[in-house]
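Understanding the architecture of this molecule
Residue-level listing of the chains:
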Amino acid sequence: MVPALAKRFRVIRLDPRDAGLSTADPLGEYSRLADAEDAARLLDYLGIAAAHVAGHSRGARTAMVFAMSDPGRTLSVACIGSAEPPPEGPAPFRSVASAWVREIRDVARTDGPEAVLDRLQSGRLFGKVRAAPEGVRLLRNAMEGYRAADLLTPAEPRSFDTLLGLGRLKAPALFVAGDEDPCLEECRQAHHRIPGSRLEVLARCGHMAPIECPGALAALLESFALGSV
C-alpha cells in the first residue's frame, strides 16, 4: 500500500509499543490512549502540525482516539477493520475477542511470547491470510519483534471513552471493512453514530484488508484524504 499512497502523500508508519522496530517496556502502559499520545509525539518530533490518520484493527481504535483527543491535528481519520465508538448493546465479536485476549494473556504468562505468536497467527481474524504462503509470510513480518509486553505488564491501562469523545471529533471519518470481516458490524454501527461519516465494504475481503486487498484499500484512502482537504 505504501508505494501507491506515497505518490501523493508523505507516508509515516508508526510501529506501536512492542511491535515492529519499536521497543517494549516490561513495566510500561499499553493502551489506545498511550498509542495516540505516542503518535502525537512523533508528529511533534517530525515537525508536522496536522495529518490524515489511519489505522487497522487495534490501530483503527487508536486512530479514532487520536482524532478525538487531538482534533486540531487530525485532517481526517480512517478506521480499517475495527471501529470506535463501540457498538450499542451486546457486541458478540467484542465479547469473543475479550475472552481471547484473556486466554492469550494466560499463554504469555505460562509459555512465553513465542507461544503467543503461534496462538495469534491461528486466530479467526487471520484465516484468509493463512490460506496462501505469501499471506503467511506477510503475517509473520507484521508480528516480527512482538514480545507480548502488553499482556505481561503490571501497569493498568488508561481508558478513553469514545462515546464522550464524539463531541470532540471534528475530522471527516471513514470506516472500511471486508464483507467477510467479523468486525464489519461494529464498523457499521460506528458509522451510524458519526454523522457525515463514510462506510466502505470491500468485496471478498476478510479482516486483513491491507494484505488481502491492498490496491483497493490504498485507492479508498487516497480518494478519502484528497476529498477531506
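To keep things clear, this report deals only with the structure shown in the data block. (Residues numbered from 1 in each chain as written. Predicted model: local features only at pLDDT ≥ 70, side-chain atom pairs only at ≥ 80, totals over all residues. Heavy atoms only, no water.)

This brings us to the overall build of the chain. Of the regular secondary structure elements, the chain holds 10 helices and four strands. Computed over the C-alpha atoms, the radius of gyration of the chain is 17 Å, within 12% of the 17 Å expected from 2.2 N^0.38 for a compact globule of 229 residues. A principal-axis box enclosing the C-alpha atoms of the chain has dimensions of 50 × 40 × 35 Å. Considering the chain as a whole, with its 229 residues, one finds that 42% of them fall into the buried category. (Helix = DSSP H or I, 4+ residues; strand = E, 2+ residues; numbered from the N terminus. Rg over C-alpha atoms; globule rule 2.2 N^0.38 Å. Buried < 20%, exposed > 50% of the residue type's maximum accessible area, 1.4 Å probe, protein only.)

Here we come to the environment of Ala-219. Among the secondary structure elements, Ala-219 is positioned in helix α10 (residues 214–226). When the C-alpha atoms of Ala-219 and Met-1 are compared, they prove to be 9.0 Å apart, with 218 residues separating the residues in sequence.

With 26 residues, the main nonpolar core has Met-64, Phe-66, Val-77, Leu-169 and Phe-175 as its most contacted residues. Contributions of two or more residues to this core are made by α2 (32–46), β1 (51–56), α3 (58–69), β2 (74–80), β3 (173–178) and α8 (184–193). Here the element with the most residues in this core is α3; it accounts for seven residues. With residues near it in sequence (within four places) discarded, Phe-175 still touches Met-64, Cys-79, Ala-83, Glu-84, Cys-187, Ala-190, His-191, Ile-194, Ser-197, Arg-198, Leu-199 and Glu-200. Leu-5, Val-176, Leu-202 and Leu-220 belong to the second largest nonpolar core, which has 14 residues in total. (Core = buried A, V, L, I, M, F, W, Y, C linked by side-chain atoms within 4.5 Å. Contact = heavy atoms within 4.5 Å.)

Inspection of the secondary structure puts Glu-84 in the loop between β2 and α4 (92–111). One polar contact links Glu-84 to Thr-162, side chain to side chain, over a distance of 2.7 Å. Non-local contacts of Glu-84, meaning those with residues more than four positions away in its chain, are made with Arg-61, Met-64, Arg-94, Thr-162, Phe-175, Ala-190 and Ile-194. (Polar contact = N/O pair within 3.5 Å; in protein donor to acceptor, adjacent residues only side chain to side chain.)

It is worth spelling out the packing of α2 against α3 at this point. The N-to-C vectors of α2 and α3 enclose an angle of 65 degrees; their axes lie 8 Å apart at closest approach. In terms of axis orientation, α2 runs roughly perpendicular to α3. Crossing geometry of α2 relative to α3 is assigned as right-handed. Contacts between α2 and α3 involve Arg-32, Leu-33, Asp-35, Ala-36, Ala-39, Ala-40 and Leu-43 on the former and, on the latter, Arg-58, Arg-61, Thr-62, Val-65, Phe-66 and Ser-69. (Axes fitted to C-alpha atoms, helices over the stretch in contact; angles between N-to-C directions. Parallel < 35°, antiparallel > 145°, perpendicular 65-115°, else oblique. Left-handed = near helix turned anticlockwise from the far one by under 90°.)

Bringing unusual backbone geometry into the picture now. Along the chain, Glu-84 connects to Pro-85 via a cis peptide bond; the corresponding omega equals 0 degrees. Along the chain, Pro-85 falls in the loop between β2 and α4. Although it is not a glycine, Ser-57 sits at a positive phi angle of roughly 60 degrees. As for its placement among the helices and strands, Ser-57 is situated in the loop between β1 and α3. Notably, Arg-204 is not glycine yet its phi reads approximately 55 degrees, a positive angle. The residue Arg-204 is located in the loop between β4 (198–202) and α9 (209–212) in this model.

Another aspect to go through is α8. When α8 is considered as a whole, its buried residues turn out to be Leu-184, Glu-186, Cys-187, Ala-190 and His-191. Down the axis of α8, the buried set is contained in an arc of 160 degrees. They therefore lie on one face. (Arc of directions from axis to C-beta.)

Of all six residues in β3, six are buried; the element is thus mostly enclosed. Burial along β3 is two-sided: Ala-173, Phe-175 and Ala-177 and Leu-174, Val-176 and Gly-178, pointing in opposite directions, are all buried. Here β2 runs beside β3; their pairing, made up of four bridges, is parallel. Across the sheet, residue Val-77 finds its bridge partner in β3, namely Ala-173. Chirality of the crossover, the property in question, places the unit of β3, α8 and β4 among those that are right-handed. (Pairing = 2+ DSSP bridges. Right-handed = clockwise from strand over helix to strand, strands pointing away.)

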